[in-house]
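As a plain string of letters, each chain reads:
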Amino acid sequence: SSLNAQEKAEDYPPNISKGSLLTIASTIIDSAKCRTFITVDESGKPQARAMSAFPPEADWTIWLGTSVNSRKVKQIRNNPYVMVYYYDSDGASYVSIAGLARLVDDPQKKAHYWKEGWKRFYPNPEKDYILIQVTPERMEICSFKYQLFWDEDGKPAYLKF
């Protein structure tokens, strides 16, 4: 169908369906012990930190929680382009998702995206806890476990949302 041809034109490698790439990415994310959130600081330099991201939604939106006074909140306000990076050392695999971040201070969403162990970090979640919503634009996947490598130009498997 023309939709499949159009999907494949946006993704690499062309011999793997978008659905298969997403399934592989989901498996790597579920196995990843290392999850990193990367923002851009005021001087244009990347800043990385370990974060406890919630599993991606069906549309691949990613939610994270943080302090309203964190550096990443200021950095997102200044530059919304971010990356969420997942690394599974056992499978020698990574998934990186680049997208646009938005700060969300909605009480219902904050209650939904909450972990009980966080009370010590956010004693008053209504005031000191805020969500980061990442809308994905592009995903890269590299995996020895799933035989997804770079092409001759060094381009990894990727897809656009």
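Look up: the structure comes first, before these words.
In this report, we go over the structure that sits alongside the text.

A separate point is the overall build of the chain. A tally of helices and strands in the chain yields 5 helices and 7 strands. In sequence order, the secondary structure elements of the chain are arranged as α-α-β-β-β-α-β-β-α-α-β-β. For the chain, the C-alpha radius of gyration of 17 Å lies close to 15 Å, the compact-globule estimate for 161 residues. Its C-alpha atoms put the chain at 50 × 30 × 30 Å along the principal axes.

All chains considered together, the criterion is met by 3 salt bridges. The partner of K33 in a salt bridge is D90, with the nearest N and O atoms 2.9 Å apart. Here D90 lies in the loop between β4 (81–88) and β5 (93–104) and K33 lies in the loop between α2 (18–31) and β1 (34–40), a separation of 57 residues in the sequence. By relative accessible area, which is 65% here, K33 ends up exposed. Among the residues examined, D90 registers a relative accessible area of 65% and is labelled exposed. Linking E140 and R138 is a salt bridge whose minimum nitrogen-to-oxygen distance equals 2.8 Å. A relative accessible area of 21% places E140 in the partly exposed class.

A few words now on the side chain of D88. Here D88 is to be found in strand β4. Although D88 is buried, it makes no salt bridge; K33 carries the closest opposite charge, 5.0 Å away. Within the structure, D88 has its side chain in polar contact with the backbone nitrogen of D90 (distance 3.2 Å). The residues touching D88, leaving out its near neighbours within four places in the chain, are I28, S31, A32 and S93.

This brings us to the packing of aromatic side chains. Applying the stated criterion across every chain, the model contains 15 aromatic pairs. A centroid spacing of 4.9 Å and a plane angle of 70 degrees characterise the contact between F144 and F149, whose relative ring orientation is edge-to-face. Members of the aromatic cluster, connected to one another through ring pairs, are F54, W63, Y113, W114, W118, F121, Y122 and Y129. If you follow K115 out to its NZ or CZ, it ends over the ring of F54, 5.0 Å from the centre. In this structure, R138 is placed above the aromatic ring of Y158, and the distance from its NZ or CZ to the ring centre is 4.2 Å.

Examined against the element boundaries, T66 turns out to sit in strand β3 (residues 62–67). At a separation of 3.3 Å, a polar atom in the side chain of T66 contacts the side chain of S70. Those residues in contact with T66 that lie beyond four places of it in its chain are K72, V73, Y122, D128, Y129, I130 and I132.

With that settled, consider the state of the cysteines. Scanning all chains against the criterion turns up 0 disulfides. No disulfide involves C34; its sulfur sits 15 Å from the nearest other cysteine sulfur, which is in C142. C142 gets classed as buried once you look at its relative accessible area, which sits at 4%.

Reading the values: the criteria
- Residues numbered from 1 in each chain as written.
- Predicted model: local features only at pLDDT ≥ 70, side-chain atom pairs only at ≥ 80, totals over all residues.
- Heavy atoms only, no water.
- Helix = DSSP H or I, 4+ residues; strand = E, 2+ residues; numbered from the N terminus.
- Rg over C-alpha atoms; globule rule 2.2 N^0.38 Å.
- Salt bridge = Lys/Arg side-chain N within 4 Å of Asp/Glu carboxyl O.
- Buried < 20%, exposed > 50% of the residue type's maximum accessible area, 1.4 Å probe, protein only.
- Lys, Arg positive; Asp, Glu negative; His and termini not counted.
- Polar contact = N/O pair within 3.5 Å; in protein donor to acceptor, adjacent residues only side chain to side chain.
- Contact = heavy atoms within 4.5 Å.
- Phe/Tyr/Trp six-rings, centres within 6.5 Å; stacked < 30°, edge-to-face > 60°.
- Lys NZ or Arg CZ within 6 Å of the ring centre and 35° of its normal.
- Disulfide = S-S within 2.5 Å.

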